[in-house]
Every structure is written in structure tokens, then in C-alpha cells.
Amino acid sequence: MMEIKERPDWDSYFMAITILVSKRSTCIRRSVGAVIVKDKRILATGYNGAPSGITHCSEVGCLRDQLNVPSGEKHELCRGIHAEQNAIIQAAFHGVSIKGATLYCTNQPCSICAKMIINSGIKNIFYQEGYADSMSRQMLKDADVDLIKLDTD
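Now for a look at the structure at hand. (Residues numbered from 1 in each chain as written. Predicted model: local features only at pLDDT ≥ 70, side-chain atom pairs only at ≥ 80, totals over all residues. Heavy atoms only, no water.)

Remarks on helix α4 (residues 83-93)
The criterion, for reference: Any residue under 20% of the maximum accessible area for its type is buried, any over 50% is exposed, and the rest in between are partly exposed; the area is computed with a 1.4 Å probe on protein chains only. Per the convention used, a helix needs a DSSP run of H or I reaching at least four residues, while a strand needs a run of E reaching at least two, with both numbered from the N terminus. Only heavy atoms matter for contacts: two residues are in contact if any of them lie within 4.5 Å across the pair.
Along α4, the residues that are buried comprise Ala83, Glu84, Gln85, Ala87, Ile88 and Ala91. Taken together, the buried residues of α4 touch β1 (33-38), β2 (41-47), β3 (102-107) and α5 (111-120). Positioned one or two residues after α4, glycine 95 has a phi angle of 70°, which is positive.

Dropping the structure here:
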């Protein structure tokens, strides 16, 4: 008799892919991955790091560390772009609509990413770890974007 192996549910499956995507990060402080999904199909992925063609922080050092900028503050003082932003940009670059899609992210999005997520039409966010940004949570709530912590233990 053939043994039936247990398959992960869809949310666990997409979060596992998101964690793998985060391993491409070139950020020294935090590796973050994002995957945008609709109808159980991956539309775009992103990880945090410097824009294409720009020297990575892993090669030149972290400006935020040099300036002692705390996590969650002064996002503009960074060479990198967030994983969620990269995934949204990738979809736009390739002409893929993400309206009504779900975002899987290793970390809760910051307030800048939350604004982009809201305006892109993403309706659900599954994340694994929190982030010190209460404004983000409030804006997502006000925009009726579901923010769901997914435990993958």
C-alpha cells in the first residue's frame, strides 16, 4: 500500500517560497522576501536590496548602520528597496495586474509599503514576523486590507 504524504496547505506553501525568495536579499540588517499570488498562481516575487545595477549594501556597507538609524525609522536613508516594493515593481514592469491579489511576506510591511500595497489593489497580506510600524497596521485596516500573521512552525 502506498503511503500518502502530507502536503502543505496553500498558505504554508506560498510562505515557504517567500522564505526562499528572502535568501536572495543583499541587505545586511534583515532578509525579507515577498510573493504576490492570485488564484493560487505566483505573479511576482521580490526581496530587499539595492536597485538593479547599483552596488549592494553587502558590498559597500549599510548606511543605516553607519548613521545608527533604528529599524522602522527614516526609510529614505537606505540604498535598498523593500521586498514588497520590488514585487509590485516587478509586476508593473511585466504588465501583470495584481488587483485583488494576496501578498505573502516574511515581515509585516512598513507604512511606505502599506501605501503601495493599498494603491496596487492587493487585498490580503500573510506575514511571518512583526515590524515596529503601527501606522502601517492602521492604514491597512482603514483600507480593508486583511493583515494575517501566519505561524509556520
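Some words on the packing of α5 against helix α6 (residues 134-142)
The angle between the axes and the distance between the axes are what describe a pair of packed helices. Put simply, the rule reads: Lines are fitted to the C-alpha atoms to define the axes, a helix being fitted only along its stretch in contact, and any angle between axes, read from their N-to-C directions, falls within 0 to 180 degrees. Angle categories: roughly parallel below 35 degrees, roughly antiparallel above 145, roughly perpendicular from 65 to 115, and oblique for all the rest. Handedness of a crossing follows from how the near helix is turned relative to the far one, being left-handed for an anticlockwise turn of less than a right angle and right-handed for a clockwise one.
Contact geometry of α5 with α6 gives a least axis separation of 8 Å together with a crossing angle of 15°. Taken together, the axes of α5 and α6 are roughly parallel relative to one another. For the element pair α5 and α6, the recorded crossing hand is right-handed. Where α5 approaches α6, its residues Ser111, Ala114, Lys115, Ile117 and Ile118 are matched on the opposing element by Met135, Ser136, Met139 and Leu140.

Quick look at the packing of aromatic side chains
Heads up, the rule is: The rule is short: rings of Phe, Tyr and Trp, with Trp giving its six-membered ring, pair when the centres are within 6.5 Å, and they are stacked under 30 degrees, edge-to-face over 60, tilted in between.
Throughout the structure, instances matching the rule amount to 5 aromatic pairs. Ring plane angle 40° and centroid distance 5.4 Å describe the contact between phenylalanine 14 and tyrosine 104, whose orientation is recorded as tilted. Of this pair, phenylalanine 14 sits in helix α1 (residues 10-22) while tyrosine 104 sits in strand β3, and the two are 90 residues apart along the sequence. Note on phenylalanine 14: relative accessible area 2%, which makes it buried. An aromatic cluster of three or more residues is present, and its members are Trp10, Tyr13, Phe14, Tyr104 and Phe126.

Some points on the environment of leucine 63
Within the element layout of this structure, leucine 63 appears in helix α3 (residues 63-66). It is 6.2 Å that separates the C-alpha atoms of leucine 63 and cysteine 78, two residues lying 15 residues apart in sequence. The contacts of leucine 63, once residues within four sequence positions are left out, are Leu77 and Cys78.

Side note on α5
When we look at burial in α5, the residues that qualify are Ser111, Cys113, Ala114, Ile117 and Ser120. Summarising the contacts, the buried residues of α5 are in contact with α4, β3, β4 (124-129) and α6. Glycine 121 sits one or two positions beyond α5 and adopts a positive phi of about 95°.

Considering the environment of serine 52
Inspection of the secondary structure assignment puts serine 52 in the loop between β2 and α2 (57-60). Owing to a relative accessible area of 78%, serine 52 belongs among the exposed residues under this scheme.

Remarks on the pattern of salt bridges
Here is the rule: A pair is scored as a salt bridge if a Lys or Arg side-chain nitrogen falls within 4 Å of a carboxyl oxygen belonging to Asp or Glu.
Applying the stated criterion to the full structure yields 2 salt bridges. Of the charged contacts in the structure, one is a salt bridge between arginine 29 and aspartate 65, with a shortest N-O distance of 2.9 Å. Here arginine 29, found in the loop between α1 and β1, pairs with aspartate 65, found in helix α3; they are 36 residues apart in sequence, far enough to count as distant. The partner of aspartate 151 in a salt bridge is lysine 149, and the shortest N-O contact between them spans 3.6 Å.

Function cannot be inferred from these measures alone, as they are strictly geometric.
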